[in-house]
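What follows is each chain in one-letter form.
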Amino acid sequence: MPPKRKRNERPSDAAGNRPAPHRPSDTPLSQHDRDFQDNAVSQNRRASGSRNTRRNPDRRDSSTSQLGTAGYRGPVSPSTARPSSSSSQAASFAVPATPSVPQPVPPRSPIPSNYSYVVLTEPRLSAWQQRGRQEVVDHGVKSRNDEDVEEISTISQEFTRAVLEGRLTPVDAGNCMKQILGPPIEGSDGPGFKFDAQTLFLDTLSISIDSEDGASRPQLRDFIAAIDISPRLLREVLDAPALQQLGLIRDTFVKLGIRYATNQLYRQANYNLLREESEGYSKLAAELYRTPYYARDHHDFALVQACWERVKGLIGTFDLDVGRVLDVVIDVFSATMLRNIVFFSRFLRISSWWPRNQIEHSERVFAGGLPKWALPKNEDLSAEDLRVELAEQCRQRDLTFWDRAREAHLDAFFELGGRRVDTTNLYNSAGDGSAPNVNSDPILDWVKTTKTLPPCGNKVAAQLLGFKFRFYASDARDKGETLPANLYYLAAFFIKIGFISLTDLYPHLWPDDDQMESLRERRMQELDEKERARRQDNEPNALLTAGALTDDTIPMASLKPREPTVANADGNQHETASAKEDAETSLPEPKEAHKADLVSHLLVVGAIPEALFILGRFPWIPEAYPDEIYPAINRILLHCISKVFDNARPTEIRPLTSSPVKPELAQDQSGMTKGNLKLTEGSPIKILKWPHADGINKGTLYRFYLDEWADNVPICQTVDDVFTLCNTFLNISGVNIGRDPPLVKKLATIGAKSFLQDRSPENVARWQDLLRRILVPCLSLSDSNVDAVVAVWDLLKYYPTQVRYNIYSECYEGQISRLPPIAKAFKTARLDTLSTLKRLSLQNISSSAKKLAKVALSSPGVVCKVALDQIESYTNLIEAFVECTKYFTEMGHDILVWSLLSSLGGKQRSRTQETSVLLTSRWLQALSKFSGRVFRRYSNMDPTPIISYVNDQVSRGNSTDLIILRELITSMGGIVSDIDFTDYQLSALSGGELLRRQTLVGLGDKRYESSKSASRLMKALVQTDLASRLLTNMAQYRQSAIYRLPEDETHIKYLATVIDDSQQALVQYVELLRNNLTPEKFDEFVPSIPQLMTEFGLDANLAFMIGRASLQYFMMGPGEKHAIATSESTTDADGDSIIDAKAGGDVAASVAVQESDDSMVVDIIDPEEGDPRQPSSSTVNGQKSDRFSDVLSPVIHSVRALLPPEVWHKMSPEFFVLFWSLQTGDLVVPLNSYDTETSRVEKQYAELKRERGDMSNKKKALDALVQLNKDLASEASACSERVSKTKILLMKQSPRWFCASARTDLIVDAFIEECLIPRLLLSPGDADFCHRMVKFMHSSRVPNFRLATLYDRFFGVNRLRVMIFSCSIREAEFLGRFIKLTLGDLAKWHKDKDAYAKEAIQHGKLGFATTFDDNGKPLTFMEHDQFRDLLWTWHRNLSTALRACLAGMEWMHIRNAITILKAGLEHFPAVDFMGRQFLQILGKIAEREAATKNESEDGQSHRVDLSVTANTATSALRKYSARWVMVQAFRPNTSGDSAEEKKPAELGKAATPGLRPNAPEFKPTSTG
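Just so we're clear, the structure is a prediction, and the values are computed from it rather than from any experiment. (Residues numbered from 1 in each chain as written. Predicted model: local features only at pLDDT ≥ 70, side-chain atom pairs only at ≥ 80, totals over all residues. Heavy atoms only, no water.)

**Quick word on the overall build of the protein**
Each helix and strand in the protein was counted, giving 75 helices and seven strands. Looking at the protein residue by residue over its 1568 residues, the buried ones come to 49%. A separation threshold of at least 6 residues defines the contact pool for the protein, and within that pool the share at least 24 residues apart is 76%. Surface exposure of the protein reaches about 77300 Å², of which carbon and sulfur atoms provide 51%. (Helix = DSSP H or I, 4+ residues; strand = E, 2+ residues; numbered from the N terminus. Buried < 20%, exposed > 50% of the residue type's maximum accessible area, 1.4 Å probe, protein only. Contact = heavy atoms within 4.5 Å. Areas by Shrake-Rupley, 256 points an atom, 1.4 Å probe, with all protein chains shown as cover.)

**A word on the sheet that holds strand β3 (residues 687-690)**
Here we have three strands laid out as an open sheet, ordered β3-β5-β4, and mixed in their pairing. Of all the strands in the sheet, just β3 and β4 (695-697) have a single pairing partner and so form its edges. The average angle at which neighbouring strand axes cross in this sheet is 45°, direction not considered. Two strands pair when backbone bridges link them, and β4 and strand β5 (residues 700-704) are joined in this way by three bridges, in the antiparallel orientation. (Pairing = 2+ DSSP bridges. Axes fitted to C-alpha atoms, helices over the stretch in contact; angles between N-to-C directions.)

**Side note on the pairing of strand β6 (residues 1409-1412)**
For β6 and strand β7 (residues 1418-1421), the ladder comprises three bridges, and the chain directions are antiparallel. Its bridge partner lying in β7, F1412 is registered against P1418. If you look at the hairpin formed by β6 and β7, you'll find five residues sitting between the two strands, and G1416 has a positive phi there, around 90°.

**Re the pattern of salt bridges**
If you walk through the whole model with that rule in mind, you get 63 salt bridges. Notably, a salt bridge pairs K797 with D794, separated by 3.6 Å at the nearest N-O pair. We classify K797 as partly exposed; its relative accessible area is 40%. Note on D794: relative accessible area 28%, which makes it partly exposed. Residues E1071 and R1007 are paired through a salt bridge, measuring 2.7 Å at the closest nitrogen-oxygen approach. Taken together, the residues E1071 in helix α51 (residues 1052-1076) and R1007 in the loop between α48 (993-1002) and α49 (1011-1023) connect sequence positions 64 residues apart. The class for E1071 is partly exposed, based on a relative accessible area of 23%. Exposure remark for R1007: the relative accessible area of 5% places this residue in the buried category. Taken together, the shared-partner salt bridges connect D445, D513, K595 and R617 into one network. (Salt bridge = Lys/Arg side-chain N within 4 Å of Asp/Glu carboxyl O.)

**Here's the deal with the packing of helix α14 (residues 278-295) against helix α17 (residues 337-350)**
One can describe the packing of α14 onto α17 by two numbers: an axis separation of 10 Å at closest approach and a directional angle of 115°. Between α14 and α17 lies a crossing whose hand is right-handed. Across from L288, T291, P292 and Y293 in α14, the residues of α17 making contact are R339, N340, F343, F344 and F347. Tallied by class, residues from the contact of α14 with α17 come to six nonpolar, two polar and one charged. (Left-handed = near helix turned anticlockwise from the far one by under 90°. Nonpolar A, V, L, I, M, F, W, Y, C, P; charged D, E, K, R; others polar.)

**Remarks on empty space enclosed by the protein**
Tallied over the entire structure, the rule returns eleven cavities of 30 Å³ or more. In this structure, the second largest cavity occupies an estimated 190 Å³ of space. Within the residue set of the lining of the second largest cavity, elements represented by two or more residues are α18 (356-364), α23 (485-497) and α29 (608-617). Class assignment of the residues belonging to the lining of the second largest cavity gives a composition of nine nonpolar, eight polar and three charged. (1 Å grid on protein atoms, 1.4 Å probe; cavity = no way out; pocket = protein on both sides within 12 Å on 5 of 7 lines; lining within 4 Å. Points joined across faces, edges and corners; volume = space filled by probe spheres on them.)

**A closer look at unusual backbone geometry**
Omega for the bond connecting W510 with P511 falls within 30 degrees of zero, at -5°, which places this linkage in the cis form. With respect to the helices and strands, the residue P511 is situated in the loop between α24 (502-505) and α25 (516-535). The peptide bond linking F1468 to P1469 adopts the cis configuration, its omega dihedral lying at -5°. Mapped onto the elements, P1469 comes out in the loop between α71 (1451-1463) and α72 (1472-1488).

**Here we look at a nonpolar patch on the surface**
A contiguous nonpolar patch, built from L665, L677 and L679 and spanning about 320 Å² of accessible area, is present on the exposed surface. Positionally, L665 belongs in strand β1 (residues 664-665). (Patch = residues over 30% accessible without salt bridge, like charges linked within 9 Å, V, L, I, M, F, W, Y side chains within 5 Å.)

**Some thoughts on helix α66 (residues 1347-1354)**
Residues of α66 that are buried include every one of L1347, A1348, L1350, Y1351 and F1354, and no others. The buried side chains of α66 occupy one side of the element, clustering within an arc of 160° when seen end-on. Buried-residue contacts for α66 involve α64 (1304-1320), α65 (1324-1339), α67 (1357-1366), α68 (1369-1391) and α70 (1424-1447). (Arc of directions from axis to C-beta.)

**With respect to the nonpolar core**
A general feature of soluble globular proteins is that nonpolar side chains tend to end up buried together. One finds F347, F494, L1021, Y1069, F1216 and F1408 to be the most contacted residues of the largest nonpolar core, which totals 346 residues. It is α51 that contributes the most residues to this core, eleven residues altogether. Residues contacting F494, with those up to four places away along its chain left out, are I330, F333, L348, L465, F499 and I500. The next biggest cluster of nonpolar side chains, apart from the first, holds 45 residues, and it includes L125, I180, L238 and V254. (Core = buried A, V, L, I, M, F, W, Y, C linked by side-chain atoms within 4.5 Å.)

**Side note on the state of the cysteines**
One pass over the structure, following the stated rule, counts zero disulfides. Here C640 stays free of any disulfide, with the sulfur of C716 as its closest cysteine sulfur at 5.7 Å. Residue C811 stays outside any disulfide, its sulfur separated by 9.0 Å from that of C778, the closest cysteine. Residue classification places C811 among the buried residues on the basis of a relative accessible area of 0%. (Disulfide = S-S within 2.5 Å.)

**Brief notes about the side chain of S1339**
You can see S1339 is positioned in helix α65. A polar side-chain atom of S1339 sits 3.2 Å from the main-chain carbonyl oxygen of F1336. (Polar contact = N/O pair within 3.5 Å; in protein donor to acceptor, adjacent residues only side chain to side chain.)

**Here we look at the environment of L779**
For L779, the location among the structural elements is in the loop between α36 (761-778) and α37 (786-796). Separated by 79 residues in the primary sequence, L779 and S858 place their C-alpha atoms 5.1 Å from one another. Look past the residues within four positions of L779 in its chain and what remains in contact with it is V744, A788, V789, V792, S858 and M891.

**Section: α37**
Quick reminder: α-helices carry 3.6 residues per turn. Residues three or four places apart thus point the same way. Within α37 the residues assigned to the buried category are A788, V789, A791, V792, W793, L795 and L796. Looking at the buried side of α37, the elements it contacts are α35 (741-757), α36, α38 (801-812), α40 (845-858) and α43 (890-905).

**Some points on the packing of aromatic side chains**
For any two aromatic rings, the description comes down to two numbers: the centre-to-centre distance and the angle of the planes. Under the counting rule described, the total for this entry stands at 61 aromatic pairs. Look at Y293 and Y294: their rings are 5.3 Å apart centre to centre, the planes differ by 75°, and that puts the pair in the edge-to-face class. Through a chain of ring-to-ring contacts, three or more aromatic side chains come together here, namely W308, F333, F343, F344, F347, W353, W354, F493, F494, F499, F704 and Y705. When the ring centre of Y281 is taken as origin, the NZ or CZ atom of R324, which lies over that ring, is 4.4 Å away. Positioned over the ring face of W709 is R635, at 3.7 Å from the centre of the ring. (Phe/Tyr/Trp six-rings, centres within 6.5 Å; stacked < 30°, edge-to-face > 60°. Lys NZ or Arg CZ within 6 Å of the ring centre and 35° of its normal.)

**Here we look at the confidence of the model for the protein**
Taken residue by residue, the protein gives an average pLDDT of 77. The fraction at 70 or more is 77%. Note on residues 1564-1568: pLDDT is under 50 here. Beyond four places in sequence and across chains, it has zero contacts. (pLDDT = per-residue confidence, 0-100.)

**A look at the pairing of β5**
Inspection of the sheet shows β3 paired to β5 by four bridges, in the parallel sense. If you follow L688 over to β5, its bridge partner there is Y702. Counting the residues that bridge the hairpin from β4 to β5 gives two residues, and of these K698 lies at a positive phi of roughly 55°.

**Some words on the environment of L834**
If you trace the backbone, L834 turns up in helix α39 (residues 820-838). With relative accessibility at 24%, the residue L834 sits in the partly exposed group. Aside from chain neighbours lying at most four places away, what touches L834 is V866 and Q870.

Shown next, in the form of structure tokens:
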């Protein structure tokens, strides 16, 4: 047993009446003033209170005041000084047989009476015996029968005072009191809770004895003896000193009782050390726990009132400290808050602790806070009625609140409690209105900050709660002890209902205001560490946790350490142990920050003004505690917009039950068929209460314990109120509303409906501002919520692209991106994206795509930017990332396009590679390729912004970005470039649509497979009018590119590259438009040829390249063949119908007639049949026009003013337009291509027939091949017919093509300059057309056209040199192709005299005629040897021009010369010495331009591309060296040779006059 503690010795007479450590009379709570209007006996209490004024104010009268307050009619509790245990035990052994006679007391001196008698008045005492005595007795008996506690107490007190003052004798007074009190209550074993007049008298007597100084007078003993009260009752009720004075106990009784109590005290383990009545507190706790528990949620006011009366009885019975009783009530309330909130709210409301000023304030204005069911006046109202009344009061308040909020902004929320003041004296006296001082009074700070009255509350209750808060931040707490959460819940609830005031509790909260900054720093460090731990997945790095490795290279120390080392080690051990002990005993700082945690609970419970007060003092609290503060703020915002959102929701919506009942499997499955189960109705889901916002925890539904938490939360009535909310209270949360996706969704839904209903500029602008500030950025903080993203997009999509992109730019690159929460979210998204992309491969695309989509759901701009940066460096990520974006939302795809635009044009970086300005930079190539892939892959992505960007760049003179358009056309349109086609492919492409389609499909062209993506691309072009704008801008740039570049970029090689790239992009774009638009639609969107030439200033080559297909359609399109054939068959009188019959015959017959692929229909005309060129006079005079003239007449009219008049003096505008309007398919039918394609189809048919597989699919495929073969034959026949009719029309118009009065050489020069050269440089197909057209003009005997003159002028040395230098790389290829085709025909005639006679001069062809008659008909023709000599001249000129270009140092000369030389190697050079000269020159170029660098040389060397090209040409040239012949074998006449060319021939003639010219070259051999 532990040793007993010594107590200070006290006198025995004072031991029994030792004061308690806490006197209720010293606290304001016992004298708490309150309104008693609910009590029916308020007037009696006021009278009683007036009589009590004469009592000793220092006396402890808590029980009396409590009884008087309640007006309770039960028995009166014992007086304060009654010991509950010691007195009763002492009475059991201290019962004397004879009352001890007290020592005589000297008579007391008369005391002047200042006591106001009410019953024993002077008139009654003066007539005491006559009527006074009987009146008093009757009055007392009546009061006893009425159980009037106060009146009996008054009578008892007045009789006692009359005896002590000697106004009545003790015996007489005792007899009167005996009659008044009546007999004792039968069956009563002691003081109880029934009305007992004798017990009440003894209570009053005890008070009188305590209030009198000095010893008891003998009159009291006689007075009590005359009343004849049981001694047992006297000992039970009166205190020990009174009993001792009355002689009812011995003098040693008190001392013995103290000893016994002390023994019990130590024996019960320090029980009741302070002599407080633990029995009373235990009964109090039991009462507070049991009453609401057994009530089972039926907490009516009668039950609460009864409990309150019992608590007051316990206070009086056990002399409980009122402050501690309130403390116990608070503790019990906090422990059972969720279950018994109704009970304790009503309990506190009817108690004396409820602040009176709060009652008065709530009666004046609607203040909210305390639920209406807690008010006694609403006892008879149902819950539904209370809800309706509250809703109406809130609505009336909200109607005026939002108008006030537009004036006062956020300050209006401080006025929600109804404490607004209109005068300025209140807060002017509080200070100057500056920022609150951290050490100032919270009440003054409240007034200065909020400009409202401070909230009311019970200061004692606030102190009690504050002591609890302070304890858990003091050194008295244990090391691991933390503040219970229920204290926060209770404090927030008390502040909410007005029971306590925040200003009273605030000084007790930890830490102090001057220490909050250190708390902020600590909290920020904790958040950073938490984020790092999350990034590392809470897995520590093994290298960081591993200890240091031991160095085994250090020699081992001596086994016996020296003594100083030992001493130092011992000292270090002691210091370490001491430091460890100090660390164990010292208390760390509390983990909780009371102010920050209280703010979150205040917001949850709806106490907005108090929460804003703390947030105003410390605005960084939400940033430091984001997971606690922002959800509570967003919950309030969600409630504020609930009404407007309900009005904005769709009306037709399927109702959803709040608590769906899930069916359960029945136990009895009898009678059910196989596969079916019997289900029974399950039990409804149980929703529990908790002190947090509604939610789910571990699969259980929870709701907030207080349904009336939002009674002080203003609800928006209109959209204007929503914007007022967004400009005030929502700014506290800002972008952090993204933490609550339902809030974002509802705001966006309201915005979408408001936008549709009101398209005014003001409404559009304010929603745009909200999108920019809040809605779009806040998605970065959302937890990958699709609904919120879709809702925001539903509003954002109504804005134009420019507005949306400005919002994205502000969010991801502007000022908003630098906000701390946004920057943190972006950093996290960036790291997550990089982590996913590092692991991205073709094997894990699906999982990686989902990870990226999850990140992109909230921060698509960050994901797209990081991904595009990676794609710029690693092009193998393109396909993988394109596949990953399939899970993106529409908004994500829209931001992807914006990110792509930002990457393309937002960075100031070079678009060409550093190593070569001719090559597009790798990043631009990668982004262009990605653009094509991603727009083809996803139909919801709009390529319009990219196309607009390209159009803008082209209009600014930047052609590098045309690579983007080319990739879009290739990927979405499926159109490949046409620069690498072979001769066979070009020939097939000149055929009909079916043959062209089959050829393109075989080449990998996907235009016919990309109809859907191509239609989306065309939709973007057509709907935005970009189709024509982009086309004209590209054409204008192509024409003027070389003139618009800066001087420092006008390198000849770069200029050539720009021309080729822009031409290639233009051709590809025109092909896209033609392939996806009908001719009518094309002409609707694209300017006509005259407009292109006149309004847009395009040359004929580009204008006709754009509009040629339309002219072809209207000249030879569907539905016009029959009309043309009919008109021609009826008007032709020279045998045209026979030709038509031939042309319309069987395809096989046509093939048999044609000798080769180069043969053309109607090339041979019999002289007997007449000349179809000769039209009738009516036709020549224009009386009847043909189809060509009808279609081409507007163009013909427009071109007259574009060229100088001198040109029209040589050739007609009709020929000019016809030349530019026709194409190869109008002059020749590629029958060989049709035969080849037919053979391929037949082979495919045979292979498919041999296969074994699904017969249904096989049959369909075979039928398709059969039909394809038929269609090819039909198309070949139709093309042959079309070509025949076209040639007939051309021959009829040919007499008007060239002017007869002009010189032939001038006509040819005009034709070359205005028609031939501009067109053959466009494309390889145009080069083919030029060759075919020249051949057609020669074979058709066009008047005034001489083929020999044309070639003689074309193959002039100077002209060739100019053409070679002025061509770009691609144009040189096209020129080389034309020269190759021309030299091929000439070589054929050179080799075969019959072929020359048949194709060059037969039937009066004018090309090689030497003399003519007066009508222009040829009389004589050039002999074959003369032709060979002329061809030699052309070869020599070409060789001279090429050698001159190769001998120079200009890059363009050399490169183009090599290109043309390589193109014509099949026919040129044909003479051996020319070939050797070219080999020698190419060898020098390759050696000079090799990769070996010499610093001393100038910059003309080191052109490795020329060296490589020269080596390639040399290898190709050597392959044809076996075909070379001597000059004598190539030409018969050498009279016109130069000295160099004559030398080999003259040497041969001198040695051997009879040498054969065609003899092989002599090759001597060694004889040794």
